[in-house]
Amino acid sequence: MSKTILITGATSGFGEAMAHVFSAAGNKLIITGRKDSLLSALKETLVAKHGASVHTLCFDVQNKEAVFAAIKTIPDNFSSIDVLINNAGLALGRDAFQDANLDDWETMIDTNVKGLLYVSKAVLPLMINNKKGHIINIGSTAGVEVYKEGNVYCASKHAVAAISKSMRIDLLPQHIKVTAIHPGAAETNFSNTRFKGDEAKAAAVYEGYKALEAVDVANVAYYVTTLPDHVCINELVVTCTSQANSFYLQK
Ligand code: NDP
Ligand code: 8X3
């Protein structure tokens, strides 16, 4: 049965791959991001490739007013949201705590934690109205174990894990599922962002083993939405076969 899926951070990586996987399966999509031209181009591709029904919303998840204003504009034929995927996020820098940049810390907290809270709070009334829904939060293995020089990125993803647990408890009466997916290393634009355009440093992260691809995570996110109404996967840690956890990666 066709569902309506809202994806944040759909202009790249996991979010873009999710847009393809969910629309190929016949779902309606609300794709969101902060680059309007990329959203429009993705919509065009999804319509051409999958005959998908797609609505685009351009906003920065860090901007509380913009988030609530954008969600309010969702047209009636897209407003019955079945699945919200809180995917937008980033790491900035890989520095020892004492050397790290305060602006980087604030951007990670504002995006990965506060952005996720704003979008969830704005979308939830639509799900609560329907007495059904599914929130999928993209955490990380960094939210399972803290690693060296990961400080605030790891903290932000630990917050995603904790918020997911508390959402699941509070939303029990509303029959809303909450799933936290914690991927390990995946080759997307993530490391390029983390290392601020230093392509050699970014490429080195994925050298010597086969990392996850964006589509692998997208397929897992799709899978958790295909289970019966009474079945909820609460948490999933997904790594490539060469990775055991944040500390052990076989190169
Ligand atoms: P990408 O950099 O490829 O994609 C990140 C997406 O998030 C982009 O569309 C980006 O848009 C969007 N985004 C970032 N900041 C904002 C913002 N303030 N407002 C709106 N959109 C924003 O990385 P991934 O696909 O790999 O990352 C997706 C999620 O997965 C993140 O939460 C990341 O932390 C998490 N993750 C990634 C892993 C990896 O190894 N790749 C592993 C585990 C978790 P823009 O281009 O405008 O910045
Ligand atoms: C992304 C994976 O290992 O860089 O969340 O934290 S890692």
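Remember, it's a predicted structure, so these values are computed and weren't measured experimentally.

**Considering the site of ligand 2**
The environment of ligand 2 is made up of S140, A142, Y147, Y153, F190 and R194. At 2.5 Å from an oxygen atom of ligand 2 is found a side-chain nitrogen or oxygen belonging to S140. One nitrogen or oxygen atom from the side chain of Y147 is found 2.6 Å from an oxygen atom belonging to ligand 2. Protein contact buries 81% of the 240 Å² of open area that ligand 2 shows by itself. For the shell around ligand 2, the per-class residue count stands at four nonpolar, one polar and one charged.

**Side note on the state of the cysteines**
Under the defined criterion, the tally for this structure stands at zero disulfides. Of all cysteine sulfurs in the structure, the one in C240 sits closest to C154, which takes part in no disulfide; the separation is 17 Å.

**A look at the site of ligand 1**
Taken together, 27 residues form the shell around ligand 1, and within it T11, S12, K35, Y153 and T188 come nearest. In isolation ligand 1 offers 890 Å² of accessible surface; the protein chains occlude 94% of this area. Of all the elements in the fold, those that place two or more residues in the shell around ligand 1 are α1 (13-24) and α5 (151-170).

**What about the packing of aromatic side chains?**
A full pass over the atoms with the stated rule returns three aromatic pairs. Ring centres of Y153 and F190 lie 5.5 Å apart, and the angle between their planes is 55 degrees; on these two criteria the pair is classed as tilted. With Y153 in helix α5 and F190 in helix α6 (residues 190-194), this pair connects stretches of sequence that are 37 residues apart.

**Remarks on the sheet that holds strand β2 (residues 28-33)**
Sheet strands line up and pair through hydrogen bonds in the backbone, either parallel or antiparallel. If you trace the seven strands from one edge of the open sheet to the other, you get β3-β2-β1-β4-β5-β6-β9, paired in parallel fashion. Whereas interior strands pair on both sides, the edge strands pair on one side only; in this sheet they are β3 (54-58) and β9 (235-238). On average, adjacent strands in this sheet sit at an angle of 15 degrees to one another, irrespective of strand direction. Contacts between helix α2 (residues 36-50) and the sheet are confined to β2 and β3, with β3 contributing the most and set at about 170 degrees to the helix. Each of β1 (4-7), β4 (83-86), β5 (133-138) and β6 (176-183) is contacted by helix α4 (residues 102-130), which is oriented at about 180 degrees to β4, the strand it contacts most.

**Looking at the environment of V205**
Note on placement: V205 falls in helix α7 (residues 199-205). Each C-alpha atom of the pair V205 and A186 lies 9.4 Å from the other, and the pair is 19 residues apart in sequence. Those residues in contact with V205, other than ones at most four positions away along the chain, are S191, F195 and K251.

**Notes on the pairing of β5**
Of all six residues in β5, six are buried, a share of seventy percent or more. Where β4 lies against β5, four bridges are found, and the strand directions are parallel. From the neighbouring strand, V83 faces β5, where its bridge partner is H134. Running through α4, the crossover from β4 to the neighbouring parallel element β5 is right-handed. Summarising the sheet, β5 and β6 pair through six bridges and their orientation is parallel.

Criteria and thresholds
- Residues numbered from 1 in each chain as written.
- Chains lettered and ligands numbered in written order.
- Predicted model: local features only at pLDDT ≥ 70, side-chain atom pairs only at ≥ 80, totals over all residues.
- Heavy atoms only, no water.
- Near = heavy atom within 4 Å.
- Polar contact = N/O pair within 3.5 Å; in protein donor to acceptor, adjacent residues only side chain to side chain.
- Areas by Shrake-Rupley, 256 points an atom, 1.4 Å probe, with all protein chains shown as cover.
- Nonpolar A, V, L, I, M, F, W, Y, C, P; charged D, E, K, R; others polar.
- Disulfide = S-S within 2.5 Å.
- Helix = DSSP H or I, 4+ residues; strand = E, 2+ residues; numbered from the N terminus.
- Phe/Tyr/Trp six-rings, centres within 6.5 Å; stacked < 30°, edge-to-face > 60°.
- Pairing = 2+ DSSP bridges.
- Axes fitted to C-alpha atoms, helices over the stretch in contact; angles between N-to-C directions.
- Contact = heavy atoms within 4.5 Å.
- Buried < 20%, exposed > 50% of the residue type's maximum accessible area, 1.4 Å probe, protein only.
- Right-handed = clockwise from strand over helix to strand, strands pointing away.

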